Amino acid sequence: MNKLILRNIAIISALFIVTFSTMLITNYFQVRGTTPLQTEVVETLKQLNDENNGNPALQEQIRQLDLLARKAYFVRIDHLMVGVYILLGMLAVFLVSARLYFVRDKNIPLKAIDQMDEWIIKSKARKYVGWIASGIAAIALIFVVLSSPYLTTTEAAPKTEEGATAAILPETENEPEQINPTDSSAIETAEADSSKLPADSVSKQIPVSKITHNAFRGNNSNGITSAKGVPVKWDLGGGTHIAWKHDIPRSGFNSPVINGNKVFISGADEKARELYCYDLTTGEQLWTLAAVNIPGSPFKMPETTEDTGLAASTVATNGKQVCAIFASGDLICADMEGKKLWAKNLGMPDNHYGYASSLLSFGNLLIVQYDNQNSPKVIALDMATGAERWSKSRKEKVTWSSPIIAYVNNKPQLVLMGNPAITAYNPNNGEQLWRVECLSGEVGSSACSSNGVVYGASEYATLVAINATDGTVLWEANDYLPEVSSPVATKDFVYLATSYGTVASYDSKTGKLGKVHDFSGSQFYSSPIIAEGKIFLFSNDGKMHVFSADAEFKLLQSFETGENTFATPAFTDNKIVVRTEKSIYCVTAN
């Protein structure tokens, strides 16, 4: 073959390899860490479904959107593999053409060559071109391997596209309900639990709901659950609709968390700080993890008030790890079987009541709001390793509020209440998105969100609605304001409970005060949760109130349980888990 043709083929293939390799490397940086169960996409669809769980037309639209997202993901994988084959093919063309081009030159007799001889310079140049093209191709292949979905540490993609939307929407006639992106872990956990049981008991085991309640006030800490078949009446003293009940080993005001067949709470006193795991079905205490041997942990526990204590912060889980934090600044993390993964001390928080902000899980990140007199900040840690992913200093005074995730235009925002501002961050990197100075005093209530609007309220301050797109204030109201209890919102209404016994509703678009219920002599520290179009709310004296989550805001049920209740209950299909002042129990609809 003509050497000129071979040279041109080699040059063209080398240019193609360099260009194509650059494209593959760029592709790696654009798509690394993505999966078909991206947190932003799934959580946004979940939010829409939670707010409109009775709208089958919307659910069908969500199914179609999710299917398109899945198809796009698998098409990208196919294109990636085709790109690898093309790159390898062009590399082979380059090597063969270069080899054939130089085949006649390998037997040229030796001669004395000047260092500046043109022939030797061109020969070296050809070698450098070959080395560079091969090197770039090798680097590109490495990045292709790194961008493979099978090497990512995030949630694994399902092997087929069928049933993709089952991870988002509630069950239909032909598919089981799957809501949370950590559902696969929940299934694995349930299967692991089943494998430990005798064969005859496995067949009798009650199916585990895939509805999770992964943090304070549920997933995203937003006060809305997709749980179905939720019981609305029970008798704790008589045992009616009570699956199990146990005394709590150590005191704490944190709320229960549910993932799979496991329930998590924490407790602490002067002697120990502990994380507990219970079986959701039987109530058996499965394991305990103590916060011990932590570098930097204080020898003497901080002074706290009686209504805060050393374990006021609710734990958080992502279905693979579960973490707990205490007023001493000690933070511990375990896998779902109770094996300690890591622990660290964040520094003793300077807080005159005691540290109370709850943890929040966002994918594989653990979000910690650490507002105190020392150095207020918000931190994101890797839940698997405890490594710091990002940290941002804050201008706020000490607060007791907890972080939430709000979805705005299909993108997540990490929203923190504080004194004097409500602030939104990008949860992936800590970038501040907006900040509204509107609060004052001792901020203990957390924010809530719906339909792209963030709502925040605090006693002696205001109830404010913020357009989370740009941080503009839509309206403010101050008729009734919460002290500890956090509000909850739908696209039409905002509901809140005060520490002096009033429960009120507001129009979410105008801020106009709606219907008000006055429970004289009661206090509300527990936060309202919306489930199946109903609002569930405990008063401190243990009385459960159930309202309709609509314009009428009717009181549907109101009954005594007999035990003081300050924590917010956790919900899953057919069950509610309640933590009282002295015990933890499970209510069942069966």
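Residues numbered from 1 in each chain as written. Predicted model: local features only at pLDDT ≥ 70, side-chain atom pairs only at ≥ 80, totals over all residues. Heavy atoms only, no water.

Attention now moves to the confidence of the model for the protein. Mean pLDDT over the protein stands at 83; residues scoring 70 or higher make up 74%. In this model residues 149-204 is a low-confidence stretch, pLDDT under 50, and it forms 117 contacts with partners more than four residues away in sequence or in other chains. (pLDDT = per-residue confidence, 0-100. Contact = heavy atoms within 4.5 Å.)

Turning next to the packing of aromatic side chains. Inspection of every chain in the model, using the stated rule, returns 15 aromatic pairs. One aromatic cluster in this structure is built from F493, Y495, F519, F524, F547 and F553. (Phe/Tyr/Trp six-rings, centres within 6.5 Å; stacked < 30°, edge-to-face > 60°.)

Turning next to the sheet that holds strand 11 (residues 360-362). Taken in spatial order, the four strands line up as 11-12-13-14 in an open sheet, and their pairing is antiparallel. Either end of the sheet is taken by a strand with one partner, and the two such strands are strand 11 and strand 14 (388-393). Averaged over neighbouring strand pairs, the angle between their axes works out to 20° when direction is ignored. Direction of pairing for strand 12 (residues 365-370) relative to strand 13 (residues 377-382): antiparallel, over a ladder of six bridges. Its bridge partner lying in strand 13, I367 is registered against A380. (Pairing = 2+ DSSP bridges. Helix = DSSP H or I, 4+ residues; strand = E, 2+ residues; numbered from the N terminus. Axes fitted to C-alpha atoms, helices over the stretch in contact; angles between N-to-C directions.)

Before going further, it helps to spend a moment on the pattern of salt bridges. According to the stated counting rule, one finds twelve salt bridges in the structure shown. K245 is paired through a salt bridge with E563; the nearest N and O atoms lie 2.4 Å apart. Note that K245 is positioned in strand 2 (residues 242-247) and E563 in the loop between strand 30 (555-560) and strand 31 (570-572), a separation of 318 residues in sequence. You can call K245 partly exposed: its relative accessible area is 36%. On the basis of relative accessible area, E563 is assigned to the buried category, the value being 18%. In this structure, K491 and D492 form a salt bridge, with 3.3 Å as the shortest nitrogen-oxygen distance. Residue class for K491 comes out partly exposed when judged on its relative accessible area of 35%. The network of salt bridges with common partners includes R250, D269 and E274. (Salt bridge = Lys/Arg side-chain N within 4 Å of Asp/Glu carboxyl O. Buried < 20%, exposed > 50% of the residue type's maximum accessible area, 1.4 Å probe, protein only.)

Moving on: the sheet that holds strand 5 (residues 273-279). Taken together, four strands build an open sheet; the order of strands is 3-4-5-6 and the sheet is antiparallel. Every interior strand has two partners, whereas the edge strands, strand 3 (257-259) and strand 6 (285-290), have only one. With direction set aside, neighbouring strand axes in the sheet form an average angle of 25°. As paired strands, strand 4 (residues 262-268) and strand 5 are joined by seven bridges and run antiparallel to one another. Along strand 5, the bridge assignment pairs F264 with C277.

Glancing now at unusual backbone geometry. With omega at 25°, the peptide bond leading from N419 into P420 counts as cis. The topology assignment puts P420 in the loop between strand 16 (411-416) and strand 17 (421-425). A positive phi angle, close to 70°, is found at N410, a residue other than glycine. Tracing the chain through its elements places N410 in the loop between strand 15 (404-408) and strand 16. Residue classification places N410 among the exposed positions, given a relative accessible area of 53%. Its identity as a non-glycine residue notwithstanding, F553 has a phi of 50°, on the positive side. Along the chain, the position of F553 falls in the loop between strand 29 (543-548) and strand 30.

Attention now goes to the pairing of strand 33 (residues 583-588). Across the six residues that make up strand 33, a large majority, six, are buried. Side chains S583, Y585 and V587 of strand 33 all project onto a buried face; the interleaved residues I584, C586 and T588 project onto the opposite face, where all are buried too. Across five bridges, strand 2 lies against strand 33 in antiparallel orientation. Residue pairing for strand 33: W244 is matched across the bridge by C586. With five bridges connecting them, strand 32 (residues 575-579) and strand 33 associate as antiparallel partners. Residue I576 lies in a different strand from strand 33, and its bridge partner there is V587. The turn linking strand 32 back onto strand 33 is made up of three residues.

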